[in-house]
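What follows is the residue order along each chain.
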Amino acid sequence: MKYSMKKESVSTSFIALVGLLFLLTGCASKQQPISVASEQASAQHLPTTVSSPAVQSSPPMERESSTILVELTDSGFSPALITIKAGQTVKFENNGATKRWPASDVHPVHASYPGSGIQKCKSAAPGSIFDACHGLDAGETFTFTFNERGAWHYHDHLDPGSKGTIVVE
Ligand SMILES: [Cu+2]
C-alpha cells in the first residue's frame, strides 16, 4: 500500500513537471517569433532614421548660405546694410502692410547697378535687373542675384526716402 502511494505521488509530480515543461516551451515558442519580428522591425527602421537626417540636413544649409533675406517692413529695409559674396541671391520679402518697390538707385531712373534701368522694366524678365518693376504686395517677394562687385545703393521706388545698401565682395 505504501509503495503504491509513493508511486502515485511520483507519477503526479512527473505529470506536473511535464506540464510545467510544456508551459515553458509553449511560452518560449510564443516569445521567439515576437522577438525576431521586433528585431527585424528595428533593423528596418535603423537605416532610414540614420540616413534621412543626413540627407535632409545638407540642402537647407546650402540654401541659407546662397540666399540672403531682406525684409521690407513698414519702417524700411531690414537689414538696411548687408554684405554678400558675388553670385549670391538676395530675397526681398514684403512683410509690411503697404506696397514696396525695391530698386537700384538712382531714383527715378534706377540705372546705378550695371544693366538695370526702370525703362527696361517693360521688356526685362523678372529678376534679370535690380528692380522689382512693380510694388510688391504684402507677402510678395522679389529675388535678385548680384554678380557685380561694389556697394549698391537702392531704395523703395514708392517711398524714395527709404534706402538700403548691398555690398558685394
Ligand atoms: Cu525709384
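Residues numbered from 1 in each chain as written. Predicted model: local features only at pLDDT ≥ 70, side-chain atom pairs only at ≥ 80, totals over all residues. Heavy atoms only, no water.

## Structural notes on the overall build of the chain
For clarity, the cut-off: Runs of H or I in DSSP of at least four residues are treated as helices and runs of E of at least two as strands, each being numbered from the N terminus. Only protein chains enter the accessibility calculation, which uses a 1.4 Å probe. A residue is then buried if its area is under 20% of the maximum for its type, exposed if over 50%, and partly exposed in between. What makes two residues a contact is simply this: any of their non-hydrogen atoms within 4.5 Å. We get accessible surface area from the Shrake-Rupley algorithm with a probe of 1.4 Å; when it comes to residues, only the shown protein chains can shield them.
Check the secondary structure of the chain and you find 1 helix and 8 strands. Helices and strands in the chain line up, N terminus first, as α-β-β-β-β-β-β-β-β. For the chain, buried positions account for 25% of its 169 residues. The contacts of the chain with a sequence gap of at least 6 include a subset with a gap of at least 24, amounting to 56%. Counting every atom, the chain has about 11100 Å² of accessible surface; 63% of that belongs to carbon and sulfur.

## Describing the environment of Leu72
Checked against the element boundaries, Leu72 lands in strand E1 (residues 67–73). Leu72 sits in the buried class, given a relative accessible area of 1%. For the pair Leu72 and Ala138, spaced 66 residues apart in sequence, the C-alpha separation works out to 9.1 Å. Those residues within four positions of Leu72 in sequence are excluded, and the remaining contacts are Phe77, Phe92, Glu93, Asn94, Asn95, Gly96, Arg100, Pro102 and Leu136.

## Observations regarding the coordination of the copper ion
What counts is decided by this rule: A 2.8 Å cut-off from the metal defines N, O and S donors, relaxed to 3.2 Å for Na, K and Ca; water is not in the atom list, so some sites may appear incomplete. Think of it this way: with four donors and all angles in the 85 to 135 degree range, the site is tetrahedral; with four or six donors, opposite ones beyond 155 degrees and the rest between 65 and 115, it is square planar or octahedral; otherwise it is irregular.
Summarising the metal site, the copper ion is bound by the protein donors His107 (ND1), His110 (NE2), His155 (NE2) and His157 (ND1), whose distances to it range over 2.0 to 2.1 Å. Around the copper ion, the 4 donor atoms are arranged such that angles at the metal cover 91 to 143 degrees; this shape is classified as irregular. Spacing between the donor residues of the copper ion along their common chain follows H-x2-H-x44-H-x1-H. Taken together, the residues His110 in the loop between strand E5 (102–104) and strand E6 (141–146) and His157 in the loop between strand E7 (150–156) and strand E8 (159–168) connect sequence positions 47 residues apart. Residue His110 is classed as buried on the basis of its relative accessible area of 0%.

## Remarks on the side chain of Gln88
Formally: Here a polar contact means two N or O atoms within 3.5 Å. Within protein one must be a hydrogen donor candidate and the other an acceptor candidate, and residues neighboring in sequence count only if both atoms are side-chain atoms.
Looking at the element boundaries, Gln88 is found in strand E4 (residues 88–94). Judged by relative accessible area, Gln88 falls into the buried class, the value being 16%. Of the polar contacts made by the side chain of Gln88, one reaches the backbone nitrogen of Lys85; its length is 2.8 Å.

## Concerning the environment of Tyr154
In this structure, Tyr154 sits in strand E7. It is 9.6 Å that separates the C-alpha atoms of Tyr154 and Ala80, two residues lying 74 residues apart in sequence.

## So, the state of the cysteines
Using the following cut-off: For the purposes of this analysis, a disulfide is any pair of cysteine sulfur atoms at a distance within 2.5 Å.
Tallied over the full model, the rule gives 1 disulfide. Note on cysteine connectivity: Cys121 is disulfide-linked to Cys133, with sulfurs 2.0 Å apart. Here the S-S torsion is close to -75 degrees, and the disulfide linking Cys121 with Cys133 is therefore left-handed. Here Cys121, found in the loop between E5 and E6, pairs with Cys133, found in the loop between E5 and E6; they are 12 residues apart in sequence, far enough to count as distant.

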